[in-house]
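Close look at the chain arrangement
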Amino acid sequence: MNLYGISGEIFLAISGMIALLISVFSSKDSSLKITTRFCNLSLLISLILIVLSHKNSGYLFNEMYVYDGLSLYSKILIILGTILTLLIGNKPQKIDGFNHPEYPVLILFSVLGMVLMTSSKNLISLYMALELQSLPLYVIAAINRDNLKSSEAGLKYFILGALSSGLLLFGMSLVYGAVGDTSFSSISEVSSQNMSSILLVGLVFILSGLAFKISLVPFHMWTPDVYEGAPTPVTAFFAIVPKIAAITILVRVTFSAFDNAVTSWQQIIILLSLLSMILGSFAAIMQTNLKRLMAYSSIAHMGYALVGVASGLLEGVSGVLIYMVIYIIMNVGAFIIILSMRRDNQIVEEIYDLKGISKTHPFLAFGFVSILFSMAGIPPLAGFFGKWLVFYSAVNANLVFLAIIGVLTSVVGAFYYLRIIKIMYFDENDVNLDVVENKSSMAILGLMLFLTLSFGIFLNWFVETTMGIVSLI
Amino acid sequence: MLSNIPILSSITFLPLFGALIILLTCSDDEQGGKNSKFVALWTSLITFILSLFVLFNFDNDLNNFQFIEKASWIPLSNVSYHMGVDGISLPFVILSTFLIPVCILASFQSIKKQVPLFMSLFLILEVLMVGTFCAMDILVFYIFFEAVLIPMFLIIGIWGGVRRVYSAFKFFLYTLLGSVLMLIAIFYIFSKTGTTEINEIAKFSFPYDIQILLFLAFFASFSVKLPMWPVHTWLPDAHVEAPTSGSVILAGVLLKMGGYGFLRFSIPMFPDASIFFAPFIFVLSVIAIIYTSLVALVQNDMKKMIAYSSVAHMGFVTIGAFSFTNEGLAGSVYQMVSHGLISGALFLCVGIVYDRLHTREINAYGGVADIMPNFAVFFMFMMLASVGLPGTSGFVGELLVLVGIWKTYPIVAIFCATGLILGAIYMLWLYRRVMFGKAIKEEIVSLEKLSKREIIIFVPITLLIFIFGIYATPLLDITQLSINNIIDITEFHQNKNTVSQIATLKD
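Now for a look at the structure at hand. (Residues numbered from 1 in each chain as written. Chains lettered and ligands numbered in written order. Predicted model: local features only at pLDDT ≥ 70, side-chain atom pairs only at ≥ 80, totals over all residues. Heavy atoms only, no water.)

1. Some thoughts on the overall build of chain B
Where we set the bar: Helix and strand labels come from DSSP, where a helix needs a run of H or I of at least four residues and a strand needs a run of E of at least two; each type is numbered from the N terminus. Atoms counted for the radius of gyration: C-alpha only. Globule rule: 2.2 Å times residue count to the power 0.38. In this scheme, a residue with accessible area under 20% of its type's maximum is buried, one over 50% is exposed, and one in between is partly exposed, where area comes from a 1.4 Å probe on protein chains only. Should any heavy atoms of two residues lie within 4.5 Å, those residues are considered in contact. All accessible areas in this document rest on Shrake-Rupley with a 1.4 Å probe, and a residue is counted as covered only by the protein chains that are shown.
Secondary structure assignment for chain B yields 21 helices and two strands. The C-alpha atoms of chain B give a radius of gyration of 22 Å, which matches the 23 Å a tight globule of 507 residues would have. The buried share of chain B, reckoned over its 507 residues, is 65%. Here the analysis covers contacts within chain B between residues at least 6 apart in sequence; of these, 82% occur between residues at least 24 apart. Accessible surface computed for chain B: about 17900 Å², of which carbon and sulfur atoms make up 67%.

In structure tokens:
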């Protein structure tokens, strides 16, 4: 059997095990540093391997594993997102005396799960990959085990995550019962002929399980607590990377397995998207903790992204894929700022701690302002183009009401983003924030800022690429 | 030679370079502030000269968009970066490029903190305003139109007065709420017609009920921007709290985006709905004219009074636009240009005394005319222009609108005329309370006279108001053909409606 198509993942698995050994056998002080470097390097190499091996698309292991444009696209995003979050978390971790060399290793394994997940075209491989990505995440949520909040976050995440896995598994078993096979192509075939009620219930459960992973309302309860409780570098990872994998697999399930039953899942997705947009926007108004605020903002953003899936059109999916890129750009930028906030060597997370930052750290403030305007969806910044693509596809699919509610909630969302801008720029400077600026983070912030400001220039490239990808799902 | 240079894009994006230079090189100290002022002034002056180039090469006899530039942006969805000017947009482009250097000059002394940021935001604002008026693709238009919120929000919020935060939020959220509905309507149009070219969309005729909904969505955006009663409440707040130059640009150009939107989108694209809603718009406009004039009468804050008078003057713009007569539409554009100059100048006048006394309360003044005679002359001229005295541009605009509306709805014209009288009352009263009387208060007596810089600011505006007041032909010639196009469309649809009504009567 030719394993070339999966060589990136195999390399990642092997290097994960090597990283485990490195973390144990290197000296205690430098262990984290060495392991992180090794993990970054192996992520980079596996990225190259994946890009090379996914040139042609094809199947492996009896159609359990597929390598195609969609999986390549998400794998690139996942790995780049991981590298970025590892890089921006480096310095703050050093300052906090964070010394858990298993952290990058766990992330590596989780990423392995995610890349496998985006390639799965069978319920069994999907479930295995999903669990592989979730289990390390439970551990790293609670990695500061002396911290009460972190332990709570880990426990909460684990229990709810286990519940969602149970739902997912239950749904899969129902689907298996109705179809008699677990491969997406068989499901697609059966669902086109006879969308039985068992299949429908199975579909609902599968979607619920996935909605947990993307943290869509009403399966979002864990998000704010986990975001707040987990150490900030971990939160950054949570906010960015698993969502890409989960959205991709959601697209895969809806457009590849249940592609003939659009009307069956469309209303579920519409509901999830509506609720997420509304709750994400309104609940964030009351938050003063930046990490909780980012949690609700990510719920709202996932709601917007889902509008593209809800349209049931391929151009909607292309919109979602572009939205995810924009989402990564904005969140990496935002977390760089959150990670650099200190006072008297203590981490601070309240939005009021940002007071007057525009005078003491103009670049940081300018970067954050651009990112916040972009999150609010104001043109010509990146966030606007994401919203444009998904809402346009909704209008195209005659879901005008969904688009209208979407833009109205984005106005509500604009309010809390503006409030942060107000604190940074309009309030008088009476609290002094020590900002930990480090060069690599600032360089990344500069890059994200550039992309946020000039995304319109690259938009065409993204549209053409993603349209090419989705036409082959 | 000219056809090879993308002149409109140069005008649009030249200030962006200025802004980048300022952001990257000027530090936030005294020297940096000084440098940034001059970079901003020169950039905006060069932009203005370039825009004059367009003005002089504009062919009034060509019934089409000119200086067209087109570059493919997203070929798959048929969206392109498409720029061009016609008789309706050209006056606004020139108005924007003219007012920006004036504003920059006006804020040389009054802006004390974070000067480089202020200057670069102003240049960015110019990019967006010129882009809004030049865009020939509806999505490109929307991007420029909406992006204006960002610099304006920051300008009000950072350099504004005491209640700046409240005003900035109100301005931002009000306008955003209106615009996002328009965005959905734009998507709908895009999805039905498959094009985002403004020219192409205008050829497409939507079903009647769809037109109504689309019109309302666009109306939501433009009526807030213009602003029309009852969604005008953000305007007094924003004006009062914004720094002087912010108020000038807000009154001078940003409000015109709403009127421009009506002329460019609402009327040509949804003619049936426009005809249907015209009476409704007249009612709102008449209320705006009379009600806000009365409100202006009782204001103690000079800026607030002028802000309310802006709402009243904008009422004339909508009435003219929806009268669907040649005079009315021409008057509407004329009124917008003239109001841009006059209200801008009035805000500058307030800024002059505010810089000296740091209060806008009318009661704090009195007898200023004795102390600042030059200023008194300028202020009087602006005040009379605002009232619509013959010989000023305000007179021409209002007269044209009144003639236009008299032809179709004489009753509306009568109400409008009432508004004129009220306008004269509050403006003259304001002038009396501020300028006349004996200067007894100590602060007033010690007021400084106008500096050279301030006179330089006023002279060009005064001249323009005067020239447009006695010689209206150049501006009317520019707009004539484009306005004829609008009238052709509406007349065609009006006749069609009458024919169908007769047909139903016969049945």
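2. Quick word on the packing of aromatic side chains
All names here are of chain A. The following threshold applies: Side-chain rings of Phe, Tyr and Trp, where Trp is taken by its six-membered ring, are said to pair if the distance between their centres is within 6.5 Å; with planes under 30 degrees apart they count as stacked, over 60 as edge-to-face, and otherwise as tilted.
Per the counting criterion, the structure on display carries 67 aromatic pairs over all chains. Measuring from ring centre to ring centre gives 4.7 Å for Tyr 157 and Trp 222, while their planes differ by 25 degrees; the resulting arrangement is stacked. Remark: Trp 222 occurs in helix α9 (residues 222-229) and Tyr 157 occurs in helix α6 (residues 148-179); sequence separation between them is 65 residues. For Trp 222, a relative accessible area of 5% corresponds to the buried category.

3. Section: the nonpolar core
All names here are of chain A. Filter applied, for reference: By nonpolar core is meant a set of buried Ala, Val, Leu, Ile, Met, Phe, Trp, Tyr and Cys residues that side-chain atoms within 4.5 Å join together.
Counting 376 residues, the largest nonpolar core has Leu 354, Phe 373 and Trp 388 as its most contacted members. Take this core: its biggest share by element is 19 residues, from helix α13 (residues 314-339). Excluding residues that lie within four positions of it along the chain, Leu 354 makes contacts with Leu 290, Ile 337, Met 341, Phe 368, Ile 420, Ile 423, Met 424 and Leu 433.

4. Some remarks on unusual backbone geometry
Looking along the chain, the bond that leaves Leu 226 of chain B and enters Pro 227 of chain B is cis, with omega of -10 degrees. The amide bond that connects Trp 229 of chain B to the next residue, Pro 230 of chain B, takes the cis arrangement and shows omega of 5 degrees. The topology assignment puts Pro 230 of chain B in the loop between α9 (208-225) and α10 (234-241). Positive phi, close to 60 degrees, is recorded for Asn 62 of chain A, a residue that is not glycine. Relative to the helices and strands, Asn 62 of chain A resides in the loop between β1 (58-60) and β2 (65-67). Its identity is not glycine, yet Phe 324 of chain B carries a phi of approximately 55 degrees, on the positive side. The residue Phe 324 of chain B is located in the loop between α13 (302-322) and α14 (326-357) in this model.

5. Points about the environment of Val 140 of chain B
Residues and elements named next belong to chain B. By the secondary structure assignment, Val 140 is in helix α5 (residues 138-147). For the pair Val 140 and Leu 181, spaced 41 residues apart in sequence, the C-alpha to C-alpha distance is 16 Å. Residues in contact with Val 140, not counting those within four places in the same chain, are Ser 80, Tyr 81 and Ala 135.

6. Topic: the side chain of Gln 211 of chain B
All names here are of chain B. As for its placement among the helices and strands, Gln 211 is situated in helix α9. Relative accessible area serves as the criterion here: at 1%, Gln 211 is assigned to the buried category. In this view, Gln 211 contacts Phe 206, Phe 270, Pro 271, Asp 272 and Ala 273; residues no more than four positions away in its chain are not counted.

7. Digging into the packing of helix α11 (residues 262-284) of chain A against helix α17 (residues 400-426) of chain A
Residue and element names in this part refer to chain A. Defined as follows: Axes here mean lines fitted to C-alpha atoms, for a helix over just the part in contact, with angles spanning 0 to 180 degrees between N-to-C directions. Angular relationships are summarised with four words: roughly parallel below 35 degrees, roughly antiparallel beyond 145, roughly perpendicular across 65 to 115, and oblique for the angles in between. What makes a crossing left-handed is the near helix being turned counterclockwise from the far one by less than a right angle; a clockwise turn instead makes it right-handed. Under the scheme applied, nonpolar residues are Ala, Val, Leu, Ile, Met, Phe, Trp, Tyr, Cys and Pro; charged residues are Asp, Glu, Lys and Arg; polar residues are all the others, including Gly.
At a minimum axis separation of 8 Å, α11 and α17 run at an interaxial angle of 20 degrees. By the criterion of interaxial angle, the relationship of α11 to α17 is roughly parallel. When the axes of α11 and α17 are compared, the crossing they make is left-handed. Residues Ile 270, Ser 273, Leu 274, Met 277, Ile 278, Gly 280, Ser 281, Phe 282 and Ala 284 of α11 lie in contact with α17, whose contacting residues are Phe 401, Leu 402, Ile 405, Gly 406, Thr 409, Val 412, Gly 413, Tyr 416 and Arg 419. Partitioned by chemical class, the residues of the contact of α11 with α17 number eleven nonpolar, six polar and one charged.

8. Remarks on the interface of chain A and chain B
Where we set the bar: Two parts placed together each lose some accessible area under a 1.4 Å probe, and the buried area is that loss summed for both. Each salt bridge in this description consists of a side-chain nitrogen of Lys or Arg and a carboxyl oxygen of Asp or Glu lying within 4 Å of one another. Within 3.5 Å is the distance limit for a polar contact, defined as a pair of N or O atoms, with the added protein rule that one can donate a hydrogen and the other accept it, and that residues adjacent in sequence qualify only through two side-chain atoms.
Opposite the 37 residues of chain A that make contact, chain B presents 36 residues. Taking both sides of the interface into account, the surface hidden between chain A and chain B amounts to around 3300 Å²; carbon and sulfur atoms contribute 84%. If you sort the residues of chain A by the area they bury against chain B, Trp 388, Tyr 392 and Phe 426 of chain A come out on top, with a joint share of 20%. Counting the contacts that link chain A with chain B gives zero salt bridges. In this assembly, chain A and chain B are joined by three residue pairs in polar contact (both at pLDDT 80 or more). When residues of the side of chain A that touches chain B are traced back to their parent elements, those giving at least two are α14 (357-360), α15 (362-376), α16 (382-396), α17 and α18 (439-470) of chain A. With 14 residues, α17 of chain A is the single largest residue contributor to the side of chain A that touches chain B.

9. Some thoughts on the pattern of salt bridges
Under the criterion given, the structure shown has 18 salt bridges over all chains. In the salt-bridge network here, residues are joined through shared partners; they are Lys 149, Glu 152, Lys 156, Asp 225, Glu 228 and Arg 292 of chain A.

10. Points about the sheet that holds strand β3 (residues 341-343) of chain A
Residues and elements named next belong to chain A. The test is simple: Only when DSSP finds a minimum of two bridges between them are two strands counted as paired.
A sheet is described by the order of its strands in space; here three strands give the open sequence β4-β3-β5, paired in antiparallel fashion. On the outer flanks of this sheet lie β4 (346-347) and β5 (434-435), each paired with one strand and no other. In terms of strand pairing, β3 meets β5 through two bridges, oriented antiparallel. Within the sheet, the bridge partner assigned to Arg 342 lies in β5 and is Asp 434.

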